[in-house]
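Architecture and fold: a report
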Amino acid sequence: MYKYFRIITLVMIAGLFVSCSDFLQEEVHTQVSDTRYNTPDGFNEAVNAAYYPLRSFYGTEQGLTATVFGTDTYREGADGDFKYMNRYSNELDAFDDISDWIWQNMYEGINITNTVIARAGAGVEGVSQEEATRRSAEARFLRGHYYFILVQLFGPVHLTTEETEGVELEASRAPVGQVYDQIISDLEFAIANLPVEAEQYGRATKPASEHLLARVYLTRATSDAAGSDDYQQAANLAETVINDYSFELLEDFADVHAVGNERNAEVIWAVQFSDNPLANESADDKNGNSSHLYFNFPYDQEPGLFRTVEFGRPFRRFRPTQFTTQEMFNLDDREVDSRYKKSFKDAFRVIDPGTYEIDGVQKDLAEGDTAIWFPGYNMPLAEQQEKDMQVITPEEYNSINFPPLWKHMDPNRAGVNVTAGSRDWLAFRLAETHLIAAEAYFYMEGPTSVNAIDHLNAVRVRAAWPGEEATVTARTPQALTSEGIDFILDERGRELLGEGFRWFDLVRTDKLLERAKAHNPDVVAPLGNLQEFHKLRPIPQAQIDRTEGGSDAFPQNPGY
């Protein structure tokens, strides 16, 4: 917790929920009187404000850098800052901007939720007890969410459930077990007091709380605070979300991330963005959901193309590893599993026709023809030269040229250079619920677990090309037996690639060092230096310096 009180003024902005008819119209207050939160309007403004810091983590460069970089699935592209996060080099220290950003924003969220919970408990004149309890449950869902992000990244953290009303200089690091106890308590309260369906899309719900708690138990099970029934609890909660509500896996994997289809039957809960510039204010300087920026490549430098809104801004922050494109999505699997084709854009059409020299050969490119093709296998140069297009093969992938991940693209931006995206971030979806259940059953029942196999196959059948369902289900039992948790991690990689899970997944399963070193050349010498202590992020030096007693009262994580 930062030691100075930060009531966020911008969090009172309208638009935490995206439907125009459902907009919560809050005034923007440059200074907020403490007594305002004791009024119905002020109290509800605080509830809405409590959602706001989610936008600092989901759909931002900071949140994605912390969860995508330095893993087995993604390494650094040619541009952008924060490469030290991918390399685990000496610049990853107590002055790291990413860790400081997340720490600061999560505690801002926690303080707002503490304010809501305190006022709801004391009673707000004009707000019924039923509504106060429901809003308090929303705040507890969010507080548990913020603390869960913090404890995964930093380990022991400052734990406070009290509203901060002035400058505070005292802080300490609560044991991981105590933090998890608070998270579980908050989410259990949310489950008991939230509706199955929210009155406004984007608010916390009972099934969203159950899904998050299942994820919490799955993660706690491999921590120092593990409970004897954590896997059973995770499995039970996941089964409830899967079986007791109306969520369902969409028939086509591509539809899950289709533009304009963000509100679909698979989504349990999403972080809200908007195409209203005022409502789309976010915590970083790019505003909105900026995830569309970071997984692309500079297509506009290739023959027959120029920059368009549809094809996106050609940032190249995150580059898929060869393991991702050639092993996790190997050529044989692509014949039966549609997710490579439906996750990556492997071809661009000509929009600037003309005659271009490609691989030493003059070629005429007509509008609508294929300009660039990533065939996914190493094609001989002579064969490439026979193609009337630019062919980029795996042996030619580098920090500039690689197949771009397409699930986050946002063609509805106002212009080619606009960075603010308006798509919701699909934080919880049913495919992940199945994968949580599969992992829990695997650890409880072993690699022959029928329950684990069934949940994996639910996801794999949906991913299969038509007619290949039997092929993908036949492979699962043998693969789970021979590969164990690595097969589950591969399945999570295929399903959830680039969605902000991977670093958490590898740390939770104690596979970060093994898999990142095996598949990400950047994490080992001469560029990188991934070590055991990197399974936690550094405590921001600003936090230590602002704490009375400094590092004696608030010690740094080992290794930093």
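Quick note: structure is the one above.
Residues numbered from 1 in each chain as written. Predicted model: local features only at pLDDT ≥ 70, side-chain atom pairs only at ≥ 80, totals over all residues. Heavy atoms only, no water.

Considerations on the overall build of the protein
- Helix and strand content of the protein: 21 helices and nine strands.
- Since a compact globule built from 560 residues should have a radius of gyration of about 24 Å, the 24 Å found for the protein is in line with a globular shape.
- Projected onto its principal axes, the C-alpha positions of the protein cover 75 × 50 × 50 Å.
- Classification of the 560 residues of the protein by burial places 62% in the buried group.
- For the protein, the share of sequence-separated contacts (at least 6 apart) that also reach a separation of at least 24 residues comes to 70%.
- About 20,500 Å² of surface is accessible on the protein, with carbon and sulfur atoms providing 47% of the total.
- One finds the centroid of the 49 positive side-chain charges in the protein at a distance of 2 Å from the centroid of its 89 negative side-chain charges. (Helix = DSSP H or I, 4+ residues; strand = E, 2+ residues; numbered from the N terminus. Rg over C-alpha atoms; globule rule 2.2 N^0.38 Å. Buried < 20%, exposed > 50% of the residue type's maximum accessible area, 1.4 Å probe, protein only. Contact = heavy atoms within 4.5 Å. Areas by Shrake-Rupley, 256 points an atom, 1.4 Å probe, with all protein chains shown as cover. Lys, Arg positive; Asp, Glu negative; His and termini not counted. Charge placed at Lys NZ, Arg CZ, Asp CG, Glu CD.)

Observations concerning empty space enclosed by the protein
- Under the definition given, this model contains eight cavities of 30 Å³ or more.
- Volume-wise, the largest cavity comes out at about 220 Å³.
- Taken together, 25 residues line the largest cavity, and the ones lying closest to its centre are Tyr58, Arg215, Gly500, Phe501 and Phe504.
- The set of elements that each furnish at least two residues to the lining of the largest cavity consists of helix 2 (61-68), helix 5 (129-154), helix 7 (206-220), strand 9 (425-429), helix 14 (430-445) and helix 18 (502-508).
- Of all the elements, helix 5 adds the most residues to the lining of the largest cavity, at four residues. (1 Å grid on protein atoms, 1.4 Å probe; cavity = no way out; pocket = protein on both sides within 12 Å on 5 of 7 lines; lining within 4 Å. Points joined across faces, edges and corners; volume = space filled by probe spheres on them.)

Concerning helix 5
- Helix length check: helix 5, at 26 residues, gives a terminal C-alpha distance of 36 Å against a target of 38 Å (1.5 Å per residue), a fit within 8%.
- The positive-phi residue at the C-terminal boundary of helix 5 is Gly155, with phi of around 80°. (Expected span 1.5 Å × (residues − 1).)

Concerning the sheet that holds strand 4 (residues 347-349)
- Across the sheet, which stays open at both edges, the three strands sit in the order 4-7-8 with mixed pairing between neighbours. In the strand order of this sheet, the two ends are held by strand 4 and strand 8 (390-391), each with one partner.
- Sheet analysis places strand 4 next to strand 7 (residues 370-373), joined by three bridges and oriented antiparallel. Bridged to Arg349 within strand 7 is Thr370. (Pairing = 2+ DSSP bridges.)

Quick word on the layout of surface pockets
- Taken as a whole, the largest pocket encloses approximately 450 Å³ of empty space.
- Together, 18 residues line the largest pocket, and Thr222, Ser223, Val507, Lys535 and Leu536 are the ones closest to its centre.
- For the lining of the largest pocket, the secondary structure elements donating two or more residues are helix 5, helix 6 (176-193) and helix 18.
- Tallying contributions element by element places helix 18 first for the lining of the largest pocket, with four residues.
- Within the lining of the largest pocket, the residues separate by chemical class into eight nonpolar, six polar and four charged.
- There is about 320 Å³ of room inside the second largest pocket. (Nonpolar A, V, L, I, M, F, W, Y, C, P; charged D, E, K, R; others polar.)

Observations concerning the packing of aromatic side chains
- Counted under the stated rule, the structure contains 30 aromatic pairs.
- Centre to centre, the rings of Phe442 and Tyr443 are 5.3 Å apart; their planes meet at 65°, and the pair counts as edge-to-face.
- According to the relative accessible area criterion, Phe442 is buried, its value standing at 12%.
- Here the aromatic rings of Trp503 and Phe504 are separated by 6.0 Å at their centres, their planes lie at 70°, and the arrangement is edge-to-face. For the pair formed by Trp503 and Phe504, the shared burial category is buried.
- Taken together, the ring pairs connect Phe297, Tyr299, Phe311, Phe348, Phe374, Tyr397 and Trp406 into an aromatic cluster.
- The cationic tip of Lys345 hangs over the ring face of Phe348; the distance from NZ or CZ to the ring centre is 5.0 Å. (Phe/Tyr/Trp six-rings, centres within 6.5 Å; stacked < 30°, edge-to-face > 60°. Lys NZ or Arg CZ within 6 Å of the ring centre and 35° of its normal.)

Some remarks on the packing of helix 6 against helix 7
- The contact between helix 6 and helix 7 brings their axes to 9 Å, and the two run at 160°. Judged by the angle between their axes, helix 6 and helix 7 are roughly antiparallel. In terms of crossing hand, the pair formed by helix 6 and helix 7 is left-handed. The segment helix 6 lies against helix 7, with Tyr180, Asp181, Ile183, Ile184, Leu187, Glu188, Ala190 and Ile191 engaging Lys206, Ser209, Glu210, Leu212, Leu213, Val216, Tyr217, Thr219 and Arg220. (Axes fitted to C-alpha atoms, helices over the stretch in contact; angles between N-to-C directions. Parallel < 35°, antiparallel > 145°, perpendicular 65-115°, else oblique. Left-handed = near helix turned anticlockwise from the far one by under 90°.)

Focus on the environment of Ala78
- Residue placement: Ala78 occurs in the loop between strand 1 (74-76) and helix 3 (83-87).
- With 239 residues separating them in the primary sequence, Ala78 and Arg317 have C-alpha atoms 6.6 Å apart.
- Not counting chain neighbours up to four residues away, the residues in contact with Ala78 comprise Lys83, Arg316, Ser399 and Ile400.

Section: the pattern of salt bridges
- Considering all chains together, one arrives at 43 salt bridges under this definition.
- We note a salt bridge from Asp181 to Arg220, for which the minimum N-O separation is 3.6 Å. Taken together, the residues span a long stretch of sequence, with Asp181 in helix 6 and Arg220 in helix 7 at a distance of 39 residues.
- Residue Asp181 is classed as partly exposed on the basis of its relative accessible area, which comes to 47%.
- Arg220 sits in the buried class, given a relative accessible area of 11%. (Salt bridge = Lys/Arg side-chain N within 4 Å of Asp/Glu carboxyl O.)

Quick notes on the side chain of Asp490
- As for its position among the elements, Asp490 is in helix 17 (residues 485-496).
- Asp490 has contacts with Phe323, Met328, Glu483, Arg502 and Arg515, leaving out every residue within four places of it along the chain.

Some thoughts on the pairing of strand 2 (residues 267-271)
- Counting buried positions along strand 2 gives five out of five residues, so the element sits mostly inside the fold.
- Across three bridges, strand 2 lies against strand 9 in antiparallel orientation. Within strand 9, the residue paired with Trp269 across the bridge is Phe428.

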